[in-house]
Amino acid sequence: MLVTLEKALEIIGQGKHVMIMTTDGKIALVPSGKADMKVSSMEAINLMFYVVRMGSGDDVQPVWAQLEQAIQEAAEQANKPDPATLRQQRYREIRGIG
């Protein structure tokens, strides 16, 4: 399925997909377990994977860099502690519970 760059950033941010370069130079988003596949963009679409829609003159490198940055931001966000968990932890420390 063809997706825009914004949708691709959203999909990558969920952490269930990885980026691969197709054999014809497009960017495809595939499930994490299928990262070693070598497919063309049409095969990726037929297999119901996401392919990033780019114009005919677009260069792949800037799009790839944006997606990698989104992955890093998602990883940082996932590593942040949950505020509710921090409140619970402080409450337990103050009360001397567990």
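Residues numbered from 1 in each chain as written. Predicted model: local features only at pLDDT ≥ 70, side-chain atom pairs only at ≥ 80, totals over all residues. Heavy atoms only, no water.

### Looking at the sheet that holds strand β3 (residues 27-31)
Item 1. One open sheet accounts for 4 strands, arranged β1-β4-β3-β2; its pairing is mixed. On the outer flanks of this sheet lie β1 (2-3) and β2 (17-21), each paired with one strand and no other.
Item 2. For β3 and strand β4 (residues 50-52), the ladder comprises 2 bridges, and the chain directions are antiparallel. Bridging across to β4, Leu29 finds its partner in Tyr50.
Item 3. Across the sheet, helix α3 (residues 60-79) touches β2, β3 and β4, and the angle it forms with β2 is around 160 degrees. (Pairing = 2+ DSSP bridges. Helix = DSSP H or I, 4+ residues; strand = E, 2+ residues; numbered from the N terminus. Contact = heavy atoms within 4.5 Å. Axes fitted to C-alpha atoms, helices over the stretch in contact; angles between N-to-C directions.)

### Quick word on the packing of helix α1 (residues 5-13) against α3
Item 1. Interaxial distance between α1 and α3 falls to 9 Å at its minimum, and their mutual angle equals 35 degrees. Considering the relative orientation of α1 and α3, their crossing is right-handed. Facing Leu5, Ala8, Leu9, Ile12 and Gly13 of α1, the residues of α3 in contact are Val63, Gln66, Leu67, Ala70, Ile71 and Ala74.
Item 2. For the contact of α1 with α3, a count of residues per class yields 9 nonpolar, 2 polar and no charged. (Left-handed = near helix turned anticlockwise from the far one by under 90°. Nonpolar A, V, L, I, M, F, W, Y, C, P; charged D, E, K, R; others polar.)

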